[in-house]
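What follows is the residue order along each chain.
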Amino acid sequence: MKNTVQTWRQAKQDGVKIAMLTAYDYSTAKLEDEAGINGILVGDSLGNVILGYEDTLSVTMEDMIHHGAAVSRGAQNALVMIDMPFMSYQTSVYDAVVNAGRLMKEGRGNAVKLEGGKEVCPQIKAIVDAGIPVCAHLGLTPQHVNAFGGNKVQGKSTEAAQSIIDAALAVQEAGAFAVVLECIPAKLAQIITDKLEIPTIGIGAGVGCDGQILVYQDMLGMFSDYSPKFVKRFAEVGEVMKEGFAKYIKEVQESTYPAQEHTFKIDDDVLDKLY
């Protein structure tokens with residue numbers, strides 16, 4: 001069954017958890033989709049895990065469109081959400097709508113995600129009014145890494161916690177169909193989840209959220225530059241890949257690959273006629 005904003009809302013009402021992962025290419029998206037994932041985020045985290053940047057700030061609209069289109073071709077049932085990159089929506093409501101439209105038309109997404117609370121509510125409302133579903137993102141918002149002074153847990157003081165609660169209610173009122181809560185205390189995430197009618201998707205926000213999301217390279221042990229506290233490795237695919245690479249290198253160097261069964265034949269009488 002195709003996942004949509006409506007099936008997600010129903011899932012929250014029914015108490016059914018929503019499972020999300022990131023993906024950035026056709027093959028990975030197809031595997032996740034076949035496994036039954038509810039949603040795939042084409043995250044601007046591709047700046048870190050695909051392009052090797054220190055943060056997400058250098059990711060462009062063209063990057064997101066390129067990877068979004070590839071993922072959309074691989075996902076038949078998952079809801080495909082595409083991140084709006086840094087400065088693609090902050091500059092004006094007009095820019096936000098135009099760029100969200102590009103992610104839908106060219107990136108073939110089912111929804112877009114943007115970071116921020118009350119300050120981006122005008123953008124959320126305008127994008128939703130244009131017929132484009134929007135997921136909000138609160139707590140640790142990676143595009144604000146310089147303002148935060150690093151990747152730090154958010155909402156630990158009374159004032160900060162109340163600000164996130166207020167922001168969650170505001171983005172819901174603006175029309176967001178879901179909200180990602182990143183790196184906030186679990187009890188705060190539970191309060192927000194209980195207050196909202198729209199689903200909450202947690203990443204480092206505890207089990208009380210309506211769903212969870214992880215970067216797939218993190219949960220498969222494929223990215224080792226750093227590992228956030230909230231990440232659980234569900235498989236050591238990175239180690240399996242390195243073992244496979246090493247075995248391939250060894251067999252190439254020893255001339256044991258390609259073997260006879262990996263090669264193509266030609267009749268000797270054909271070769272005899274060659275000059």
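Every value quoted in this text rests on a predicted model; they were computed, and no experiment measured them.

1. Some remarks on helix 1 (residues 5–14)
Listed in full, the buried residues belonging to helix 1 are Trp8, Ala11 and Lys12. Around the axis of helix 1, the buried residues are gathered within 100° of arc, so they sit on the same side. Opposite its buried face, helix 1 presents the exposed residues Gln6, Gln13 and Asp14, each directed more than 90 degrees away. Tucked into the core, helix 1 has its buried residues touching strand 1 (18–22), strand 2 (39–42), strand 3 (79–83), strand 6 (178–182), helix 9 (186–195) and strand 7 (200–203). Phi turns positive, to about 75°, at Gly15, one or two residues after helix 1.

2. Concerning helix 8 (residues 158–174)
Across its 17 residues, helix 8 extends 24 Å between first and last C-alpha, which sits within 8% of the 24 Å expected from 1.5 Å per residue. If you check which residues of helix 8 are buried, you get Ala161, Ile164, Ile165, Ala167, Ala168, Ala170, Val171, Gln172 and Ala174. Elements in contact with the buried residues of helix 8: helix 6 (121–129), strand 5 (134–139) and helix 9. Of the residues flanking the end of helix 8, it is Gly175, one or two places downstream, whose phi is positive at about 120°.

3. Some words on the packing of helix 6 against helix 8
Close contact between helix 6 and helix 8 brings their axes to 8 Å; oriented N to C, the two are set at 25°. Between helix 6 and helix 8, the crossing angle belongs to the class labelled roughly parallel. Viewed along their axes, helix 6 and helix 8 form a crossing whose handedness is right-handed. Contacts from Cys121, Ile124 and Lys125 of helix 6 reach helix 8 at Ala170, Val171 and Ala174. Broken down by class, the residue content of the contact of helix 6 with helix 8 amounts to five nonpolar, no polar and one charged.

4. Focus: the sheet that holds strand 7
The parallel closed barrel is built from eight strands, whose spatial order is 1-2-3-4-5-6-7-8. Each neighbouring strand pair of the sheet contributes to a mean axis angle of 25°, computed without reference to strand direction. Packing against the sheet, helix 5 (residues 93–105) makes contact with strand 3 and strand 4 (111–115), and its axis sits at approximately 140° to strand 4.

5. A short note on the pattern of salt bridges
If you walk through the whole model with that rule in mind, you get nine salt bridges. The partner of Asp83 in a salt bridge is Lys113, and the shortest N-O contact between them spans 2.7 Å. Separated by 30 residues along the polypeptide, Asp83 in strand 3 and Lys113 in strand 4 bring together distant segments of the chain. You'll find Asp83 and Lys113 in the same group, each marked buried. The residue Lys242 makes a salt bridge to Glu239 at a minimum N-O spacing of 3.2 Å.

6. Some thoughts on the packing of aromatic side chains
In total, this model carries four aromatic pairs according to the counting rule given. Ring geometry for Trp8 versus Phe177: centroids 5.8 Å apart, planes at 50°, classification tilted. Highlighted residues: Trp8 in helix 1 and Phe177 in the loop between helix 8 and strand 6, separated in sequence by 169 residues. The class for Trp8 is buried, based on a relative accessible area of 1%.

Cut-offs and rules
Throughout this description, residue numbers start from 1 for each chain and increase along the sequence as written. Restriction of local features to residues with pLDDT of at least 70 applies here, the model being predicted, together with a cutoff of 80 or more for giving and counting side-chain atom pairs; totals for whole chains, interfaces and linings are based on all residues. Only hydrogens and water are removed before side-chain values are computed, so all heavy atoms of the structure are retained for them. Each residue is assigned to one of three classes by its accessible area relative to the maximum for its type, calculated with a 1.4 Å probe on protein chains only: buried under 20%, partly exposed between the two thresholds, exposed over 50%. Strands are runs of DSSP state E lasting at least 2 residues, helices are runs of H or I lasting at least 4, and numbering of each runs from the N terminus. Directions are taken from the helix axis to each C-beta atom, and the arc is the one they span. Contact definition: two residues touch when any of their heavy atoms are within 4.5 Å. Each helix should span, by expectation, one fewer than its residue count multiplied by 1.5 Å. Here, axes are lines fitted to C-alpha atoms. For helices the fit covers the stretch in contact, and angles between N-to-C directions go from 0 to 180 degrees. Each angle gets one of four labels, with under 35 degrees taken as roughly parallel, over 145 as roughly antiparallel, 65 to 115 as roughly perpendicular, and the rest as oblique. Definitions for this section: a left-handed crossing has its near helix turned counterclockwise from the far helix by less than a right angle. A right-handed crossing has that turn clockwise. Residue type decides the class: Asp, Glu, Lys and Arg count as charged, Ala, Val, Leu, Ile, Met, Phe, Trp, Tyr, Cys and Pro as nonpolar, and the leftover types, Gly among them, as polar. Two strands form a pair only when DSSP identifies at least two bridges running between them. Basic side-chain nitrogens of Lys or Arg form a salt bridge, by our definition, when they fall within 4 Å of a carboxyl oxygen of Asp or Glu. Two rings from Phe, Tyr or Trp (for Trp, the six-membered ring) form a pair when their centres sit within 6.5 Å of each other. Planes less than 30 degrees apart are called stacked, planes more than 60 degrees apart edge-to-face, and all others tilted.

By themselves these figures say nothing about function.
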